[in-house]
Amino acid sequence: MQLENPADDLAFQRSVITQFKDFVGDSGRDYLILSELFQLKFSQFKVDFRHLGTLFLADANQDGGVTLDELRALWKLCVAYQHSYPSHEFKMRIQGHGSMDLWQALKQENGKDNVVEWFIKILKRNQEVEIKNARVISSTSKRRGSNDSQVSSAIMTVGGGYSLPGTPQVDAGQPPRHGAGGDPNLQSGASESYNQQSAGGGADADHVRGAIAPGTLALLAGQGTEGEFLSASVVELVHEMFHVQATQGVNFQAFLDMLQQVGEQQGLMTLNDERYDEVVPLAVLRGFAAGFFDGVAELMGEIQGRGGGGGGGGGG
């Protein structure tokens, strides 16, 4: 399928198709995953795939992966908006379009359940690729540092209207659990430290994105009876997309710890077992997403009730 305007089609080929091929390589995949979409540059169009409305708009069939045909359809929409609106409104218009599509989906019968399952598909697709590309290491015991006192005081409602079930209460005087170091140098900016390590530097270079211990890999691949889990690197994408750091001041490590402690309270994992250092139960993420989309639906309903237009809701 080509775009009607040859110049637009050529621009799409030079920009998006080139990046698409670089991402998928020789894997045989015909779609991009979430972490790749976060890196995708849509040429002159200011498209932010971290915005849930935009992501929902891009994944037209809601199967959790975005194909070239879906990206081409989004490009075509961008061209139309470019001709209709000034450049300073462009990003807001695309996000508003996607947010309204998301809102319409949420209003349908079983709409929230369907949207939550779509979001879970996106995360699971990302993890499937991550597992295939994983570099197996010997242990996860040198986990990124965390701050349990920060976990106990962190606000569990994130961004208005959604919350994690079962706020964990942590005694700051307790010795840190396995993998949760007390080094004050690690208690702030843990996510930044993790990103630096991911680039290949630092003394703890084994513990980077893409490096998974055998026991953890078995959990992520579902090779056991423990249930389904998502990796810390997938959870980090959720933290980034939901703007948890910006809205609540909760860094990634504290966010991960909160989710894991909810998982332990629900009997889904054991925190003194190093296999669980870098994972979160899928059921906990599903509950978190359900609460988030409850908040989205409530917010969009209020906007509609006030006679508002498309707006920029949907997580952006």
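What you see is a predicted model, and the numbers here were worked out from it, not measured in a lab. Once a new chain begins, its residue numbering starts again from 1 and follows that chain's sequence as written. In keeping with the predicted nature of the model, local features appear solely for residues at pLDDT of at least 70, side-chain atom pairs appear and are counted solely at 80 or more, and the whole-chain, interface and lining totals rest on all residues. Where side-chain values are given, they derive from all heavy atoms of the structure, hydrogens and water being excluded.

1. Overview of the overall build of the protein chain
Logical step 1: Within the protein chain, the regular secondary structure consists of 13 helices and 6 strands.
Logical step 2: Carbon and sulfur atoms make up 48% of the accessible area of the protein chain, which totals about 14,300 Å². A helix here means a DSSP run of H or I that spans at least four residues, while a strand means a run of E at least two residues long, and both kinds are numbered starting from the N terminus. In short, Shrake-Rupley with a 1.4 Å probe defines the accessible areas, and a residue's cover is counted only from the protein chains shown.

2. With respect to the pattern of salt bridges
Logical step 1: Any Lys or Arg side-chain nitrogen found within 4 Å of a carboxyl oxygen on Asp or Glu counts as a salt bridge. Tallied over the full model, the rule gives 9 salt bridges.
Logical step 2: Glu89 is paired through a salt bridge with Arg93; the nearest N and O atoms lie 3.2 Å apart. Here Glu89 pairs with Arg93, and both are found in helix H5 (residues 87-107), just 4 residues apart, close to one helical turn.
Logical step 3: Of the charged contacts, one joins Lys112 and Asp294 as a salt bridge, the two residues approaching to 3.3 Å between their closest N and O atoms. Placement of Lys112 in helix H6 (residues 111-132) and of Asp294 in helix H13 (residues 282-305) is noted, with a sequence separation of 182 residues between them.
Logical step 4: Residue class for Asp294 comes out partly exposed when judged on its relative accessible area of 37%. Buried means the residue's accessible area, taken with a 1.4 Å probe over protein chains only, is under 20% of the maximum for its type, while exposed means over 50%, and partly exposed covers the values in between.

3. Some remarks on the packing of helix H12 (residues 252-265) against H13
Logical step 1: Axis lines are fitted through C-alpha atoms, for helices just across the contact stretch, and the angle between N-to-C directions can take any value from 0 to 180 degrees. Between H12 and H13, the shortest axis-to-axis distance is 9 Å and the interhelical angle comes to 110°. Judged by the angle between their axes, H12 and H13 are roughly perpendicular. You can see that H12 and H13 cross each other, and the crossing is right-handed. Across the interface between the two elements, Phe255, Leu259, Val262 and Gly263 from H12 touch Val284, Leu285 and Phe288 from H13.
Logical step 2: Ten residue types, Ala, Val, Leu, Ile, Met, Phe, Trp, Tyr, Cys and Pro, are classed as nonpolar, four, Asp, Glu, Lys and Arg, as charged, and the remainder, Gly among them, as polar. Residue composition of the contact of H12 with H13, by class: 6 nonpolar, 1 polar and no charged. The cut-offs work like this: below 35 degrees is roughly parallel, past 145 is roughly antiparallel, 65 to 115 is roughly perpendicular, and the gaps in between are oblique. A clockwise turn of the near helix away from the far one marks a right-handed crossing, whereas an anticlockwise turn of less than a right angle marks a left-handed crossing. Any two residues whose heavy atoms approach within 4.5 Å are treated as being in contact.

4. Observations regarding the nonpolar core
The nonpolar side chains of soluble globular proteins are, as a tendency, buried together.
Logical step 1: Membership of the largest hydrophobic core comes to 67 residues, with the highest contact counts inside it found for Phe42, Leu71, Phe119 and Phe293.
Logical step 2: Among the elements that line this core, the one with the most residues is H13, at 11 residues.
Logical step 3: Inspection of this core shows a minimum of three residues originating in each of domain 1 (6-107) and domain 2 (110-140 + 213-305).
Logical step 4: Contact partners of Leu71, with chain neighbours within four places excluded, come to Phe12, Val16, Phe20, Leu32, Leu37, Leu40, Phe42, Phe49 and Val66.
Logical step 5: To form a nonpolar core, buried Ala, Val, Leu, Ile, Met, Phe, Trp, Tyr and Cys residues must be joined to one another through side-chain atoms within 4.5 Å. Counting 9 residues, the second-largest nonpolar core is a separate cluster that includes Leu217, Phe229, Tyr276 and Val279. Where each domain starts and ends comes from a domain assignment, either automatic or drawn from a database.

5. So, the packing of H6 against H13
Logical step 1: Packing of H6 against H13 brings their axes to within 9 Å, and their N-to-C directions diverge by 130°. Relative to H13, H6 is oriented oblique. The interaxial crossing formed by H6 with H13 has right-handed handedness. In contact with Lys112, Val115, Val116, Glu117, Trp118, Phe119, Ile120 and Lys124 of H6, H13 contributes Leu282, Leu285, Arg286, Ala289, Ala290, Phe293 and Asp294.
Logical step 2: In terms of residue class, the contact of H6 with H13 is built from 10 nonpolar, no polar and 5 charged.

6. Here's the deal with the environment of Ala297
Logical step 1: When you line up the elements, Ala297 lands in helix H13.
Logical step 2: Owing to a relative accessible area of 25%, Ala297 belongs among the partly exposed residues under this scheme.
Logical step 3: Put simply, Ala297 and Leu102 are 195 residues apart on the chain and 9.1 Å apart in space, counted from C-alpha to C-alpha.
Logical step 4: Filtering out sequence-adjacent residues up to four positions away, Ala297 remains in contact with Trp103 and Leu106.

7. Details of unusual backbone geometry
Logical step 1: Phi at Gln62 takes a positive value of approximately 50°, unusual for a residue other than glycine.
Logical step 2: Within the fold, Gln62 resides in the loop between helix H3 (52-58) and strand S2 (66-67).
Logical step 3: For Gln62, a relative accessible area of 23% translates into the label partly exposed.
Logical step 4: Backbone geometry places Asn110, a non-glycine residue, at a positive phi of 60°.
Logical step 5: Here Asn110 is to be found in the loop between H5 and H6.

8. Focus: helix H4 (residues 68-84)
Every α-helical turn comprises 3.6 residues, leaving residues that sit three or four positions apart pointing alike.
Logical step 1: Each residue after the first adds 1.5 Å to the expected span of a helix. Over its 17 residues, H4 extends 24 Å from the first C-alpha to the last, a length consistent with the 24 Å expected when each residue adds 1.5 Å.
Logical step 2: Listing the buried residues of H4 in full gives Glu70, Leu71, Arg72, Leu74, Trp75, Cys78, Val79 and Tyr81.

9. Quick look at the packing of aromatic side chains
Each pair of aromatic rings is reported with the distance of its centres and the angle of its planes.
Logical step 1: Working definition: rings of Phe, Tyr and Trp (its six-membered ring) pair if their centres are within 6.5 Å, and the pair is stacked with planes under 30 degrees apart, edge-to-face with planes over 60 apart, and tilted otherwise. Overall, the coordinates contain 15 aromatic pairs when judged by the stated rule.
Logical step 2: Here Phe42 and Phe49 contribute two aromatic rings whose centre-to-centre distance is 5.8 Å and whose plane-to-plane angle is 80°, an arrangement assigned as edge-to-face. For the pair shown, Phe42 and Phe49 are each scored as buried.
Logical step 3: Ring pairing ties together the aromatic residues Phe56, Trp118, Phe119, Phe242, Phe255, Phe288, Phe292 and Phe293, which thus form one cluster.
Logical step 4: By the criterion adopted, a ring carries a charge over it if an Arg CZ or a Lys NZ lies within 6 Å of its centre and within 35 degrees of its normal. For Arg50, the ring lying beneath its charged end belongs to Phe38, and the centroid distance is 4.6 Å.
Logical step 5: The ring of Tyr31 carries the charged tip of Arg125 above its face, separated from the ring centre by 4.2 Å.

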